[in-house]
Amino acid sequence: MHETPPPTPPGPSTPAAGPPAAAPPPSAAQAEPLAHGLKQRHLTMLGLGGVIGAGLFVGSGAGIAVAGPAIVVSYLIAGALAMLVMLVMRMLGEMSAAMPASGSFSVHAERALGRWAGFSVGWLYWFLLVVVLAVEATAAAQIAHGWVPAVEPWAWVLLFMVVFTVANLTAVKNFGEFEFWFASLKVGAIVVFLVLGGLAVFGLLPDTDPVGMTNLTGRGGFLPNGWSGVVSGVLTVVFAFGGLEVVTIAAAETDDPARAVGRAVRSAVVRILFFYVGSMLVIVTVLPWTAQQAGLSPYVKVLDAIGVPSAGQIMNIVVFVALLSALNANLYGSSRMVFSLAERGEAPRGLLKVSGGGAGGPSGQAGGVPRRAVLASVAFGFVSVLLNLLWPDTVFLYMLNSVGAVLLFVWALIAASQLRLRARLEREAPEALSLRMGCFPYLTWLTLAGLLGVLVLMLTDGAARPQVLWSAGATALVLLVAAGREWRARRAGAEGSGGT
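Residues numbered from 1 in each chain as written. Predicted model: local features only at pLDDT ≥ 70, side-chain atom pairs only at ≥ 80, totals over all residues. Heavy atoms only, no water.

Draft legend 1. Molecular detail of the overall build of the protein. When helices and strands are counted, the protein shows 18 helices and zero strands. Across the protein, the fraction of contacts at a sequence separation of at least 24, relative to all contacts at a separation of at least 6, is 79%. Only carbon and sulfur atoms are counted for the fraction: they give 68% of the accessible area of the protein, which is about 19,300 Å². (Helix = DSSP H or I, 4+ residues; strand = E, 2+ residues; numbered from the N terminus. Contact = heavy atoms within 4.5 Å. Areas by Shrake-Rupley, 256 points an atom, 1.4 Å probe, with all protein chains shown as cover.)

Now the structure itself:
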């Protein structure tokens, strides 16, 4: 693999005298010290599976409860907003193809905007992953406890964490294989659901009659709660479209990042929208929207209604796999992000130790794994799990709210980074742009405006507003730390210049 990232900006031990300058575009080969064990099929399914999770299988019931049949409109609007997110992923794919790095958008932000940006977005994204990890581990443990009541939930959490820690400490291909089969099951479950639901709508299943438009127009009409319900529905689903970021993080561990990330992002966009909007259309057509309840899977209710045996247990298995898949992906993404931060001097240097084999070894070799970074992320993940088990409604709730809107900040910095880097690459290294986003820079500015619109919607919604405020506080704290580091680096540089 030929990787040509630009030189890493100076770390704290070699501060520049002036403001940190963005690094030049790629000019010299510099390989990541990580193994290249991920294949195209791994990245493609990682892209699909990363967005299809428990939020779709269970959380979508909350959206239907507030929007009614118009949840389809909510998903279409969210889909339009998600297209903005997909544009963000396209920007990210463009930069990752030109400058692959294990830190992905954190590295790009540093190159484009300065060390403060790379530091801020990297640590915020790491914090987001290890906090959400606790939700996934706890929810999966509750499902497993229902199957085997003799084993306490905390023991299931411990088992899951140990299994996936071991998987992430070994060759990266193990992570890829876990995610490939997890995502395959999730995608297969949705395809089967769409087929069965479609047959039920037209009365083609045994003991079923054509449904017609009754459930779409009855019980208060298509907009039972007005457009305010549609807006609330948008906010319950828009963040479900996040998750593709890990594809670009993983791209640095493939043999051909430019081709791999481009194909993975392209293949995910249309399929994800089809799965989401198609599922919602089937659900609100087969059953009245009033039959749905927040916290209960609408998929289970539909499958029960059309006579699928043991529908609840089948979907429990699918949700269980979705949760474990997300847990695995979050462990992977958080470890690579903190490893990248350590590479750039923004995290303890002790996290840089990589297992034997390295990037030069065969793809299947158990080498090139940042084991200390994995263990550091797992350790904080355990802390999050304990907080979730002990104080779910106080301490952990505040932590969860503090990352509720962090993705907006991450996506906005990706767009801002692409504005700077694309222009520089076109001017200085156009050959590196093997994957280009069209209509530059207009689509980038449109994306930034759309993200601002989502933020405004969240501020006007009583349920979402606390997440914005807590997330803004967490972001401000990280930015304050980043500013303090910048000030110390400049002061040290000025003193060094004065001494010479």
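Draft legend 2. Quick peek at the layout of surface pockets. The calculated volume of the second largest pocket comes to roughly 240 Å³. Mapped onto the lining of the second largest pocket, the elements with two or more residues apiece are α16 (406-428), α17 (442-460) and α18 (465-499). (1 Å grid on protein atoms, 1.4 Å probe; cavity = no way out; pocket = protein on both sides within 12 Å on 5 of 7 lines; lining within 4 Å. Points joined across faces, edges and corners; volume = space filled by probe spheres on them.)

Draft legend 3. Structural detail: helix α6 (residues 153-169). Along its 17 residues, α6 runs 24 Å from first to last C-alpha, staying within 8% of the 24 Å computed at 1.5 Å per residue. Along α6, the residues that are buried comprise Pro153, Trp156, Val157, Phe160, Met161, Phe164, Thr165, Ala167, Asn168 and Leu169. For α6, the secondary structure elements touched by its buried residues are α5 (115-147), α7 (172-201), α13 (311-343) and α14 (371-390). (Expected span 1.5 Å × (residues − 1). Buried < 20%, exposed > 50% of the residue type's maximum accessible area, 1.4 Å probe, protein only.)

Draft legend 4. A look at a nonpolar patch on the surface. Taken together, Trp154, Leu158, Val162, Val166, Leu386, Leu389, Leu390, Trp391 and Val395 make up a surface patch of nonpolar side chains, about 860 Å² in accessible area. Contributions of two or more residues to the nonpolar patch are made by α6 and α14. It is α6 that provides the largest number of residues to the nonpolar patch, a total of four residues. If you trace the backbone, leucine 158 turns up in helix α6. Since its relative accessible area comes to 39%, leucine 158 is described here as partly exposed. (Patch = residues over 30% accessible without salt bridge, like charges linked within 9 Å, V, L, I, M, F, W, Y side chains within 5 Å. Salt bridge = Lys/Arg side-chain N within 4 Å of Asp/Glu carboxyl O.)

Draft legend 5. How the structure looks around the nonpolar core. Membership of the largest hydrophobic core comes to 95 residues, with the highest contact counts inside it found for Phe105, Tyr125, Phe160 and Ile414. If you tally residues by element for this core, the top one is α5, at 18 residues. Not counting chain neighbours up to four residues away, the residues in contact with phenylalanine 160 comprise Ala137, Ala140, Ala141, Ala144, Phe320, Leu324 and Leu327. (Core = buried A, V, L, I, M, F, W, Y, C linked by side-chain atoms within 4.5 Å.)

Draft legend 6. Representation of the packing of α14 against helix α15 (residues 395-402). Interaxial distance between α14 and α15 falls to 8 Å at its minimum, and their mutual angle equals 125 degrees. Between α14 and α15, the angle is such that the two are oblique. Considering how the two elements wind past one another, α14 and α15 form a crossing that is left-handed. In contact with Phe380, Ser384, Leu387 and Asn388 of α14, α15 contributes Val395, Phe396 and Met399. When its residues are assigned to classes, the contact of α14 with α15 shows five nonpolar, two polar and no charged. (Axes fitted to C-alpha atoms, helices over the stretch in contact; angles between N-to-C directions. Parallel < 35°, antiparallel > 145°, perpendicular 65-115°, else oblique. Left-handed = near helix turned anticlockwise from the far one by under 90°. Nonpolar A, V, L, I, M, F, W, Y, C, P; charged D, E, K, R; others polar.)

Draft legend 7. Representation of unusual backbone geometry within the structure. In this model, phenylalanine 440 is joined to proline 441 through a cis peptide bond whose omega is 5 degrees. Along the chain, proline 441 turns up in the loop between α16 and α17.

Draft legend 8. Inspection of the pattern of salt bridges at higher detail. By the definition in use, this model includes seven salt bridges. Among the salt bridges present, the one from glutamate 94 reaches arginine 422, with a minimum N-O distance of 2.6 Å. Highlighted residues: glutamate 94 in helix α3 (residues 71-98) and arginine 422 in helix α16, separated in sequence by 328 residues. Across the pair, arginine 422 and glutamate 94 agree in class, each one buried. Linking arginine 115 and glutamate 346 is a salt bridge whose minimum nitrogen-to-oxygen distance equals 3.0 Å. Of the two residues, arginine 115 is situated in helix α5 and glutamate 346 in the loop between α13 and α14; the sequence distance between them amounts to 231 residues.

Draft legend 9. How the structure looks around the side chain of serine 384. When you line up the elements, serine 384 lands in helix α14. Given the relative accessible area of 0%, serine 384 is considered buried. Leave out the neighbours within four places in its chain, and serine 384 touches Val130, Val131, Ala134, Phe396 and Met399.

Draft legend 10. Up close: the confidence of the model for the protein. Per-residue pLDDT for the protein has a mean of 76; in total, 73% of the residues score no lower than 70. Predicted confidence for residues 1-30 stays below pLDDT 50, and this span has 73 contacts to residues more than four positions away or in other chains. (pLDDT = per-residue confidence, 0-100.)

Draft legend 11. Quick peek at the environment of valine 157. Checked against the element boundaries, valine 157 lands in helix α6. Placed 21 residues apart in sequence, valine 157 and glutamate 136 show a C-alpha to C-alpha distance of 9.5 Å.

Draft legend 12. Quick look at the packing of aromatic side chains. Inspection of every chain in the model, using the stated rule, returns 14 aromatic pairs. Where phenylalanine 175 meets tyrosine 332, the ring centres are 4.0 Å apart and the plane angle is 10 degrees; that geometry is what we call stacked. One end of the pair, phenylalanine 175, is in helix α7; the other, tyrosine 332, is in helix α13, and 157 residues separate them in sequence. Judged by centre distance (5.0 Å) and plane angle (15 degrees), the ring pair of tyrosine 398 and tryptophan 470 falls under stacked. With a gap of 72 residues between them, tyrosine 398 in helix α15 and tryptophan 470 in helix α18 connect regions that are remote in the sequence. Clustering of aromatic rings is evident, with ring pairs tying together Trp123, Trp126, Phe127 and Phe380. For the cation-ring pair, arginine 41 lies above phenylalanine 180, with the distance from its terminal atom to the ring centre recorded as 4.7 Å. (Phe/Tyr/Trp six-rings, centres within 6.5 Å; stacked < 30°, edge-to-face > 60°. Lys NZ or Arg CZ within 6 Å of the ring centre and 35° of its normal.)

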